[in-house]
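Structural description and commentary
Letter by letter, the chains look like this.
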Amino acid sequence: MMSGMNDSEARQTNRDLAARDLRHVWHPCTQMHDHETIPMVPIVRGEGAWLIDADGNRYLDGISSWWVNLFGHANPRIAAALADQARTLEHVIFAGCTHEPALHLAEKLVAITPQGLERVFYADNGSSAIEVALKMSFHYWRNRGHGEKTRFVALTGSYHGETLGALSVSDVALYRATYAPLLLEPILAPSPDTWDAEPGETPAALAARRLGELRRILERHAGEVCAVIVEPLVQCAGGMRMYHPDYLSGLRTLCDDFDVHFIADEIAVGFGRTGTLFACEQAGVRPDFMCLSKGLTGGTLPLSAVLTTDAVYQAFYDEYASGKAFLHSHSYTGNPLACRVALETLAIFEDEPVLENNRRLAAHLAARLAPLREHPQVADVRQTGMIAAVELVKDKTSRTPYPAAERRGLRVYLHGLKRECLLRPLGNVVYFMPPYVVDEGEIDHLVEVAIEGIERAVA
Ligand SMILES: *Cc1c(COP(=O)(O)O)cnc(C)c1O
């Protein structure tokens, strides 16, 4: 609140704030014209899994505010750590200087990620972490005398962010097509996404078939390939498409056999989302690079980290004149506030049985969603841990999708807002990715409202 104003002068309604917003703000991933008819929701406060707008309406955050929030909004533990750090050291250049929050966080990340990931490079958002991993992989091969390796293999339907490098290795047409003339050309390997299974084909059998296809790609291209980049277990922005962990173990073997790196983008699936702390654990694999962001700070501040092996680190370690150093930086690299908040987030994992609670909540969510399988406009209900998705189709037998222009998902979103839920379907995919602090009653509410919204959307 501005000083010198009393409460009633300062208080602005949803309408006031939405009108002001439209004058100067340009929102992400948004056709601003939509907001001539759909009012922007001005959130003034958060509390646990709930968001509260200027008129006092409440919304259950069913999508963890773009998949970042783990332990609730305005979490008191995290807020206290942040305030303490802000009074101590808010930021310092991270070249030549270091600080306790960044080095302690590096120690913790090395301890909890798969064994063999020993070096931590910080950046400040997910896309930047992807840029770092791509550049580092390329540069590793170059430092080792393999400058001919300049390409990346990515999976169909993958999403790794929207800066030019990250977008290059993404395969979601909605985000990529416009910018295609500016992008690197990846080699696309078919995703093990179970949606594409043949009738009767198990997820494991599909994973094996897709590994065979990847092998053929590497047989032809390995000499020019730096790395294969994947979202382990769940391709999130591509529509919450899921696959069997065998694909990851097979990928590890292929990367070893063909001398290419394995980049695991755990930006969305890391920190307990899939049932294990990291999705790679379900396949027992160690990637060469692991990218972390989103849940890393519990959803409080932007921060990302790229973990890699000592073998990668050593390829850059030499006399300055060798020209081998990784000369990449961001102004806010290793920001102390963000690192401190990440440490507090990890402390919550240590102090509370988070994964155990999530297993119970995930089972509850699965049971509530199960009846939707019978729905004539639902082709698939799928779930991996605390990510569940319901895929709407125009025709169930042929799986014909609704045309994107019909914006069926938008109707679910609008119905959700009326009924105290923030749901934000990806096209025809209605998904659930709640903060870990929801309870069973809140899950019931989310699912009930989603089902009502789906009924309206397909009517
Ligand atoms: C969100 C996301 C990114 C990009 O992170 P930003 O912080 O939005 O740049 C990259 N990869 C995956 C899998 C993501 O879900």
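Residues numbered from 1 in each chain as written. Predicted model: local features only at pLDDT ≥ 70, side-chain atom pairs only at ≥ 80, totals over all residues. Heavy atoms only, no water.

**Concerning helix H2 (residues 14–24)**
Within the span of H2, buried status applies to Asn14, Ala18 and Asp21. Looking down the long axis of H2, one finds its buried residues gathered within 60° of arc, a one-sided arrangement. Along H2, exposed side chains directed more than 90 degrees from the buried face belong to Arg15, Arg23 and His24. On its buried side, H2 packs onto strand E2 (50–53). (Buried < 20%, exposed > 50% of the residue type's maximum accessible area, 1.4 Å probe, protein only. Helix = DSSP H or I, 4+ residues; strand = E, 2+ residues; numbered from the N terminus. Arc of directions from axis to C-beta. Contact = heavy atoms within 4.5 Å.)

**Let's talk about the domain arrangement of the protein**
Here the domain parsing of the protein yields domain 1 (7–74 + 354–458) and domain 2 (79–351). Using only C-alpha atoms to locate each centre, domain 1 and domain 2 end up separated by 27 Å. Contacts between the two partners involve 31 residues from domain 1, matched on the other side by 27 residues from domain 2. Summed over the three residues of domain 1 that lose the most area to domain 2, namely Trp67, Thr384 and Ile387, the buried surface amounts to 23% of that side. (Domains from an automatic or database assignment. Buried area = accessible area lost by both parts, 1.4 Å probe.)

**Some details on the packing of helix H9 (residues 203–221) against helix H10 (residues 246–258)**
Viewed as axis vectors pointing N to C, H9 and H10 meet at an angle of 20°, and their least axial separation amounts to 9 Å. Compared by their axis directions, H9 and H10 come out roughly parallel. Here H9 and H10 pass one another in a crossing that is right-handed. Of H10, the residues touching H9 (which contributes Ala204, Ala207, Arg210, Leu211, Leu214, Arg215, Leu218 and Glu219) are Asp246, Tyr247, Gly250, Leu251, Leu254, Asp257 and Phe258. Split into classes, the residues belonging to the contact of H9 with H10 amount to nine nonpolar, one polar and five charged. (Axes fitted to C-alpha atoms, helices over the stretch in contact; angles between N-to-C directions. Parallel < 35°, antiparallel > 145°, perpendicular 65-115°, else oblique. Left-handed = near helix turned anticlockwise from the far one by under 90°. Nonpolar A, V, L, I, M, F, W, Y, C, P; charged D, E, K, R; others polar.)

**Here we look at the sheet that holds strand E13 (residues 378–384)**
Read across the sheet, three strands follow the order E13-E14-E16 without closing on themselves; strand pairing throughout is antiparallel. Two strands in the sheet have a free side with no partner beyond their single neighbour: E13 and strand E16 (429–432). Neighbour to neighbour, the strand axes of the sheet diverge by 15° on average, direction disregarded. Judged from the four bridges that link them, strand E14 (residues 387–392) and E16 form a sheet pairing that is antiparallel. Across the sheet, Glu391 pairs through a bridge with Val429, a residue of E16. (Pairing = 2+ DSSP bridges.)

**Concerning the pairing of strand E1 (residues 43–47)**
The sheet contact formed by E1 and E2 spans four bridges and is antiparallel. Residue pairing across strands places Arg45 opposite Ile52, the latter belonging to E2.

**Details of the packing of helix H13 (residues 354–369) against helix H15 (residues 440–458)**
As a packed pair, H13 and H15 sit with axes 10 Å apart at the nearest point and diverge in direction by 30°. Classified by the interaxial angle, the pair formed by H13 and H15 is roughly parallel. Our pair here, H13 against H15, has a crossing hand that is right-handed. Across the interface between the two elements, Arg360, Leu361, His364, Leu365, Arg368 and Leu369 of H13 pack against Glu440, Ile443, Asp444 and Val447 of H15. Here the contact of H13 with H15 is built from residues that sort into five nonpolar, one polar and four charged.

**Quick word on the pattern of salt bridges**
Enumeration over the complete set of coordinates arrives at 25 salt bridges. Here Arg151 makes a salt bridge to Glu224, at a shortest N to O gap of 3.5 Å. With Arg151 in strand E5 (residues 151–155) and Glu224 in the loop between H9 and strand E7 (225–230), this pair connects stretches of sequence that are 73 residues apart. According to the relative accessible area criterion, Arg151 is partly exposed, its value standing at 22%. With a closest N to O distance of 2.6 Å, Arg241 and Asp193 form a salt bridge. Remark: Asp193 occurs in the loop between strand E6 (187–189) and H9 and Arg241 occurs in strand E9 (residues 241–242); sequence separation between them is 48 residues. Judged by its relative accessible area of 4%, Asp193 is buried. Connected through salt bridges with shared partners, the residues Asp193, Arg241, Asp380, Arg382 and Glu391 form a single ionic network. (Salt bridge = Lys/Arg side-chain N within 4 Å of Asp/Glu carboxyl O.)

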